[in-house]
Amino acid sequence: MMKQTLLRALPATIGLLCATGAFAQAVPTVTIHAGAGDDGLALDRFNSTGSRLDISTLDLPASAETISAATIAARGDLSVKDAVTRTTGLTDSSSPGSGISYSARGFNGNNSVALLENGQRLLVGSGTATYPSDPWGYETIEVLRGPGSVVHGSGTTGAIINAVRKAPRREASLEVMGGVGGGQALRAGVGATGALGEQGAFRIDAYAGRSDGFIERGEARHGKVLTSMTTTLAPGMTLSAQLDHAEQEPVRYFGTPLVNGDLAKALRDENYNAGDAVLRYVDDKAVARLDWQAAPNLAISNELAYFKARRDWRNIESYSYNPVRNVVDRSDYIGIRHNQEQTANRLEARYQHGANQIVAGWEVSTINFRHTNNAPYGGASTVAPTGFDPGSFSDTTDAFVPNFATDTLTHAFYVENAYRVNERLLLTAGARHDRYKVDFQDLRAASGNHNAMLRSTAVRLGASWKLDPSTSLYGQFSTGSDPVTSLLSMNLANSRFKLTDARQVEAGIKGILDGGAAEWTAALYRIEKDDIITRDPDNAAISRQGGSQTSQGAEVSASVRLVQAWRIEGNLAYTKAEFDALLEPGGGGSSVSRAGNRPADVPKLSSNLWLTHRAGAWRTSAGVRYVGERFISNANTQTLPAYTTLDASVGWTVNHNVQVQLNLRNLTDRLYAITGYGPTQSLLGDERHAELTVHWRY
């Protein structure tokens, strides 16, 4: 079904581009500059994720980073998470159940690290986030590290990741991309923009790809169509709109069983999922935005957005190797469906007077979430480690039954202010108040029906001091909050709990040298988070709030042009995260303290290094990624080994319009685990492979 949809969508999109009057005239030539992709850290640019105010990243009293589309393409990163995990301190913890998930500053998962597209956020249901997944059609990806609740609400203690769309332009342009690579990978993309009538512009981006995921029966597919337009209705008044559709069928893979506690290379390509397994995400989005320049110093905007997400899982998810019988025991035949709809509106006003600028707004949204599953997730089977019949998911007798539905209403009021005291000193302040009303309907037992009202107020105070015109010293204090579980799937037991509280103190320095030939940042931070769910010390069966966690660390990043032809970029993050107080169930109804333990999936050390050389029409680059040892659970009894991967790319600018690039991944063919999936299995990273891509730009 998905393949047919994409086959219909791509020709239709290309036909629309060819039929558009904007391309009736001769299409101008755009030169691919030799320096494309050497964007450094973009400290001189505005970062919309860190603040709604017009402040450059250099002046922003927070840790923010921007990756351009040119940099992503030059490095050969094919997914948003590939690009994001090359930024400072962000590591991948994705799994088929959570979709896309990251760890940042000691906090892990989609209830602590938020994913946005163009500043809009689809609230997390049952811990799962799936959109956006690939970088095609995006101009930049922005990352804000540390609590961002002042700007984007709860669930942002670790970091915020925002994919910023390519905007429509009246100047006509067209780009086409094609790629082929290891794992039977094929992908293609087309993007075009041009004039729409006398006052408007449009943009269309379409993408389709497939691969086998380097495993048996992987069969991953992905496709999307992104459309946007903008037009001037009257002097000072602009209307923008977008309409998107995306479909994903990720690799139907839940990891490899551990053999004697270790990864087994002989099982690397095996897939222990059912032969008819299903893993599918469908996302639709529509946005309309009206911008009005009411006065020279006053701008008002209103943005209405609609999201719809449908997710489907039917998989055998748990595997355990039995060394005595030399077999793999499979269990947890899990079937789940999500149906989620969200309508949101944001009304915002911006005012500037002299050295002072202020923004204030009101956000409201309604979210309907429905969860269907086949609990109690029975079913079991045994297969040989290799050469086995994968069987069928339908072997389980557990029926799909609607489980619960929630209706959530959210309100948020926010204000941010920046005052430039003089040429050196900038003071910033912000506050946001969120309210969440959740009505939970248990579709299996009416006794489980309940409602919850949650509130959170976040503040941020910051100062930035220019040591010289291109070097800033900054400090900030900020607060934030995370839900104890996904707001949209809050069961009766969790409904009595409030949001967690987080507080951060951060100080750092940023600098630009020699007009951008070198950029660098350094930061120190400490985050304290309270009201984590823990256990009653006298009865481990009773949950209560009272756990706490501290995370502190140091981060450095730099981008330096060594000589005219060479550039080196790198970052390093050290994170010391531990629970100050946390009780988890032990044996015999007792509780076990995890105080002093490190949270799961949090490395102490992570780093990236990327070296690029340019010579005429050729660009050669190589990158190293390091992720330190992590623990599988809060018990800290089982580890995921540290890993280092080596990537490279070679690009050839054939002429002004055509570029060919060879991307090489995991050159040492390292066998490594991205994350654990329970105590007996791990999710593996890709094996060594290559991909050849061709870009045409006109």
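For the structure itself, consult the block above.
Below, the structure is looked at part by part. Note that the structure is a prediction, hence the values are computed from the model and not measured.

## A closer look at the overall build of the protein
Then comes step 1: In terms of helices and strands, the protein carries four helices and 37 strands.
Then comes step 2: Against the 2.2 N^0.38 benchmark of 26 Å for 698 residues, the protein shows a C-alpha radius of gyration of 25 Å, consistent with a compact globule.
Then comes step 3: Each principal axis of the C-alpha atoms in the protein carries an extent, and together these give about 70 × 50 × 50 Å.
Then comes step 4: Going through the 698 residues of the protein one by one, you find that 55% of them count as buried.
Then comes step 5: Put simply, of all contacts in the protein between residues at least 6 apart along the chain, 67% involve residues at least 24 apart.

## Examining the packing of aromatic side chains
Then comes step 1: The tally for this structure, following the rule as stated, stands at ten aromatic pairs.
Then comes step 2: By way of ring pairs, the aromatic residues Tyr-272, Tyr-319 and Phe-388 are connected into one cluster.
Then comes step 3: The ring of Trp-136 has Lys-166 sitting right over it, with the charged end atom 5.9 Å from the ring centre.
Then comes step 4: In this arrangement the basic side chain of Arg-337 is found over the ring face of Phe-400, its NZ or CZ atom lying 4.1 Å from the centre.

## So, the sheet that holds strand β35 (residues 673–676)
Then comes step 1: Read from one edge to the other, the open sheet built from three strands follows the order β13-β36-β35, with strand pairing classed as antiparallel. Each edge of the sheet is formed by a strand with only one pairing partner; in this case those strands are β13 (256–257) and β35.
Then comes step 2: With three bridges joining them, β35 and strand β36 (residues 681–684) adopt antiparallel strand pairing. Bridging across to β36, Ala-673 finds its partner in Leu-684.

## Observations concerning empty space enclosed by the protein
Then comes step 1: Applying the stated criterion to the full structure yields eleven cavities of 30 Å³ or more.
Then comes step 2: Considered as a void within the structure, the second largest cavity measures approximately 350 Å³ in volume.
Then comes step 3: What lines the second largest cavity is a set of 26 residues, among which Arg-121, Gln-342, Ala-344, Glu-363 and Arg-432 lie closest to the centre.
Then comes step 4: Residue contributions to the lining of the second largest cavity peak at four residues, all from strand β16 (residues 327–353).
Then comes step 5: Classifying every residue of the lining of the second largest cavity gives nine nonpolar, ten polar and seven charged.

## A closer look at the sheet that holds strand β6 (residues 138–145)
Then comes step 1: Read across the open sheet, the four strands follow the order β1-β6-β7-β5; overall the sheet is mixed. Both outer strands of the open sheet, β1 (63–68) and β5 (113–117), are each paired with one neighbouring strand and no more. Strand-to-strand twist across the sheet, computed as the mean angle between neighbouring axes with direction ignored, equals 15 degrees.
Then comes step 2: Relative to β6, β1 is paired through six bridges, and the arrangement is antiparallel. The partner of Glu-65 across the bridge, within β6, is Val-143.

## Things to note about the nonpolar core
Then comes step 1: If you look at the biggest cluster of nonpolar residues, it comprises 20 residues, and the most contacted ones within it are Tyr-272, Tyr-319 and Val-328.
Then comes step 2: Elements with a contribution of two residues or more to this core: β15 (298–322), β16 and β36.
Then comes step 3: At three residues, β15 tops the list of elements feeding residues into this core.
Then comes step 4: The residues contacting Tyr-319, other than those within four sequence positions of it, are Phe-254, Gly-255, Pro-257, Tyr-272, Asn-273, Val-328, Asp-329, Arg-330, Thr-680 and Gln-681.
Then comes step 5: Residues Ile-67, Ala-83, Tyr-102 and Val-143 belong to the second largest nonpolar core, which totals 16 residues.

## Considerations on the environment of Thr-343
Then comes step 1: Within the secondary structure, Thr-343 is located in strand β16.
Then comes step 2: With relative accessibility at 35%, the residue Thr-343 sits in the partly exposed group.
Then comes step 3: Setting aside anything within four residues of it in sequence, one finds Thr-343 in contact with Leu-304, Ala-305, Tyr-306, Val-364, Ser-365 and Thr-366.

## A few points about the pattern of salt bridges
Then comes step 1: Here the structure, examined in full by the defined rule, presents 45 salt bridges.
Then comes step 2: The residue Lys-285 makes a salt bridge to Glu-117 at a minimum N-O spacing of 2.3 Å. In this pair, Lys-285 sits in strand β14 (residues 278–295) while Glu-117 sits in strand β5, placing the two residues 168 residues apart along the sequence. Neither residue differs from the other here; Lys-285 and Glu-117 are each classed as buried.
Then comes step 3: The shortest N-O distance in the salt bridge between Asp-291 and Arg-289 comes to 3.0 Å.
Then comes step 4: On the accessibility criterion, Asp-291 (24% relative accessible area) is partly exposed.
Then comes step 5: Taking relative accessible area as the criterion, Arg-289 reaches 24% and is therefore assigned partly exposed.
Then comes step 6: When salt bridges that share partners are traced, they join Arg-52, Arg-289, Asp-291, Glu-303, Arg-346, Glu-348, Arg-350, Glu-363, Arg-432 and Asp-434 into one network.

## So, unusual backbone geometry
Then comes step 1: In the segment running from Tyr-131 into Pro-132, the intervening peptide bond is cis, with an omega of 0 degrees.
Then comes step 2: Mapped onto the fold, Pro-132 is located in the loop between β5 and β6.
Then comes step 3: Geometrically, the link from Ala-375 to Pro-376 is a cis peptide bond, its omega value of 20 degrees lying close to zero.
Then comes step 4: Within the fold, Pro-376 resides in the loop between β17 (356–373) and β18 (380–383).
Then comes step 5: Backbone geometry places Asn-118, a non-glycine residue, at a positive phi of 55 degrees.
Then comes step 6: By the element assignment, Asn-118 lies in the loop between β5 and β6.
Then comes step 7: In the Ramachandran plot, Asp-514 falls in the positive-phi region, its phi being about 55 degrees despite a non-glycine side chain.

What counts and what doesn't
- Residues numbered from 1 in each chain as written.
- Predicted model: local features only at pLDDT ≥ 70, side-chain atom pairs only at ≥ 80, totals over all residues.
- Heavy atoms only, no water.
- Helix = DSSP H or I, 4+ residues; strand = E, 2+ residues; numbered from the N terminus.
- Rg over C-alpha atoms; globule rule 2.2 N^0.38 Å.
- Buried < 20%, exposed > 50% of the residue type's maximum accessible area, 1.4 Å probe, protein only.
- Contact = heavy atoms within 4.5 Å.
- Phe/Tyr/Trp six-rings, centres within 6.5 Å; stacked < 30°, edge-to-face > 60°.
- Lys NZ or Arg CZ within 6 Å of the ring centre and 35° of its normal.
- Pairing = 2+ DSSP bridges.
- 1 Å grid on protein atoms, 1.4 Å probe; cavity = no way out; pocket = protein on both sides within 12 Å on 5 of 7 lines; lining within 4 Å.
- Points joined across faces, edges and corners; volume = space filled by probe spheres on them.
- Nonpolar A, V, L, I, M, F, W, Y, C, P; charged D, E, K, R; others polar.
- Axes fitted to C-alpha atoms, helices over the stretch in contact; angles between N-to-C directions.
- Core = buried A, V, L, I, M, F, W, Y, C linked by side-chain atoms within 4.5 Å.
- Salt bridge = Lys/Arg side-chain N within 4 Å of Asp/Glu carboxyl O.

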